[in-house]
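Summary of structural features
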Amino acid sequence: MRKLTPFDRSSQTEPRLLTARAIHTADAASSTATALLTDRGRIVAIGTVAECERAAERAGLAAERIDLGDAVIVPGFIDAHAHPLMYGQLMTWVDCGPEKAGSIPEIVELLRAAAAGLPEGRPVRGYGYEQRNLAEKRHPTRFELDEVASDREVYLMNASGHGGVVNSYTLTRNGVDRETPNPDGGEYFRDADGELTGEISDAACNMLTGVHGVKIGHHGPNFHLADEPEEHLRQLDAATRRFLAGGVTSIGDAQVTRREFDMYLRLAEAGRLELRVSMYLLSHLLDEALEMGLVGQFGNAHLSFAGIKLYADGTLGGWTAYFPDGYVGDPCRTGQLYHEPAEYAELIRKAHAAGLQTATHAQSPTAIEMVVSAIEAALAERPDADARHRIEHCGLPTPAQIERMAVSGIRPVNQTQHYFNWGEGVEEAIGTPGERFNPLGEFERAGVPFTISSDAPVAEPIPLEAIQTAVTRVTRRGHKLGPDDLRVSALAALRAHTIEGAISIGREDDLGSLEVGKYADFAVLSDDPLAVAGEDIAAITVRETWVDGERRHHV
């Protein structure tokens, strides 16, 4: 029998009084302090130095003094939608993102160099390219990846995470040729002559993950490739370091299967779970969750179950989000829905009836309509003023849908780094409506609370970059996306990545803001994101990250 390990016990043994230039609490009053008193992982007092000293005296605490000088403290960032295991896994792959390669020959060279250093037969895996950022403005082909290797699997994942390109060896090994029909929920792309290009999307990635990787029952993709458990643990450790470096203290894992659950339990048992994780089980596990009686949140301060993750459509970046009239950039592509509306509505009804929060990936207006309508029907059957159903990404809701989201309490969980990295591509894909991608300003005016997250590994977990993009709506290439009224203030963006994130994962009672009684989770910054120019926010350094009253990262 395994020994029970109390992994939610705070490791802070000595009280501390920290002082800084400014401490932004992100509480309801959006107040600012200069001192913070912590003990046993909790905030005991916050305010002026004198106020915290008096609180320490009343509590009989001999607090260690830590002067952070001109630094600025903010609540630990909540990354309410991320994929930590997948992110850690990709960190072991070849980075072919825009900072590493600007053309297809450069990608091929990166992959070829990696192949030369791998044992014979070991697959070559790259990630991070976005075709519209490449000089050729297109996906690589299988023939170009054949230049990397013809005797082993080569897979180059698109930045969207919903597919990519494989070499000819991978197709042949899996028995895929020009006559092979597309799998349900995915596509083997072909050129004008019907020849396979090597590009694959969604369920076609079964050739990489195995048939249980992408759920063919339309419950959505799971692109996490299997490795040995110890390798997965190392990957999660590496991902944790990156999240902490960005000031992230809590994560909503938006794609949990048995594999992810097992890894978190192993980390917890080993005392290596340094971040707080709220888990969203993929919807193919809904019936099993209900069978086990998981009809609400459970867990402890570090690891908890939050709800059910569903998919309505695909991704804008990979052109698999559902646009029934086709994409401007390719009218033959429509993307896909993962469920028939009636089937999806029944999943939402079943989860909602049990009191479970749902989080549905939806990008196109058609997909968002399916989600909003299903939630409205579920709420009509069983009213709940605090159901907090989420729409993940929620890229292009119509103004009318936004108004209905406000009435139903639906929470969009957006990723502004998506348009920072490839916002121009959305306009190229669907035309002028693409400039509204992630319309935070519209959400704000309609009274719809919005959350900002990274979707790592689709974007790096750099909250300050996400906040800057929400404030400026300027992309990596300097293009401003849409009118000014889609922008939000730095304070609204900070709250979206802290307290609103905590509300979205159901943890606002103990996370997301710096208030007495809450956990002492915070980030120490080199400058003030509420005072610098919007275009300078991402240049601020995260000097330290604290979880449970203990320093977990510092530079």
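To keep things clear, this report deals only with the structure shown in the data block.

Parameters and conventions
Residue numbering note: each chain is counted from 1, following its sequence as written. Per-residue local features of the predicted model are confined to residues with pLDDT of at least 70, and side-chain atom pairs are confined, for both listing and counting, to 80 or more; whole-chain, interface and lining totals are unaffected and use all residues. To get the side-chain values, take all heavy atoms of the structure and skip hydrogens and water. Three exposure classes are used, based on accessible area relative to the maximum for each residue type with a 1.4 Å probe and protein chains only: buried under 20%, partly exposed in between, and exposed over 50%. Each helix is a run of DSSP H or I of at least 4 residues and each strand a run of E of at least 2, with the numbering of both proceeding from the N terminus. Here, a strand pair is defined by DSSP locating no fewer than two bridges between the strands. Here a cavity denotes a set of grid points, spaced 1 Å apart and computed over the protein atoms alone, in which a 1.4 Å probe fits but from which it cannot get out, and a pocket denotes an open set meeting protein on both sides within 12 Å along at least five of seven lines; residues with an atom within 4 Å of a point are reported as lining. Grid points are joined across faces, edges and corners, and a volume is the space filled by probe spheres set on the points. The contact rule is simple, with two residues in contact once any of their heavy atoms fall within 4.5 Å. Where helices are involved, their axes are fitted lines through C-alpha atoms of the stretch in contact, as for all axes, and angles between N-to-C directions lie from 0 to 180°. Think of a salt bridge as a Lys or Arg side-chain nitrogen and an Asp or Glu carboxyl oxygen that are within 4 Å of each other.

To continue, consider the pairing of strand S9 (residues 154–158). Along S9, five of the five residues are buried, which leaves the element largely enclosed by surrounding structure. Side chains of S9 alternate between two faces, with Val154, Leu156 and Asn158 and Tyr155 and Met157 buried alike. With three bridges connecting them, S9 and strand S10 (residues 163–166) associate as antiparallel partners. Each residue of the ladder has a partner; that of tyrosine 155, found in S10, is valine 166. Counting the residues between successive antiparallel strands, the hairpin from S9 to S10 contains four residues, one of them, glycine 161, with a positive phi of roughly 80 degrees.

The next subject is the layout of surface pockets. Taken as a whole, the largest pocket holds about 470 Å³ of empty space. What lines the largest pocket is a set of 25 residues, among which Asp95, Gly97, Pro98, Glu460 and Arg476 lie closest to the centre.

Taken together, the six strands give an open sheet; going across it, the order is S7-S8-S9-S10-S12-S11, and neighbouring strands pair in mixed fashion. Edge positions in the sheet fall to strand S7 (94–95) and strand S11 (186–190), since each has one partner strand and no second. Both S7 and strand S8 (residues 124–129) contribute to a ladder of two bridges, which runs parallel. Paired with valine 94 across the two strands is glycine 126, which belongs to S8. Packed onto the sheet, helix H3 (residues 104–116) meets S7, S8 and S9 and runs at close to 150 degrees relative to S8.

Following the criterion strictly, the structure yields 44 salt bridges and no others. Between aspartate 330 and arginine 333 there is a salt bridge, with its nearest N and O atoms 3.5 Å apart. Owing to a relative accessible area of 24%, aspartate 330 belongs among the partly exposed residues under this scheme. Of the residues examined, arginine 333 reaches a relative accessible area of 14% and is grouped as buried. Shared partners join several salt bridges into a network, and the residues in it are Arg142, Arg178, Glu179 and Glu195.

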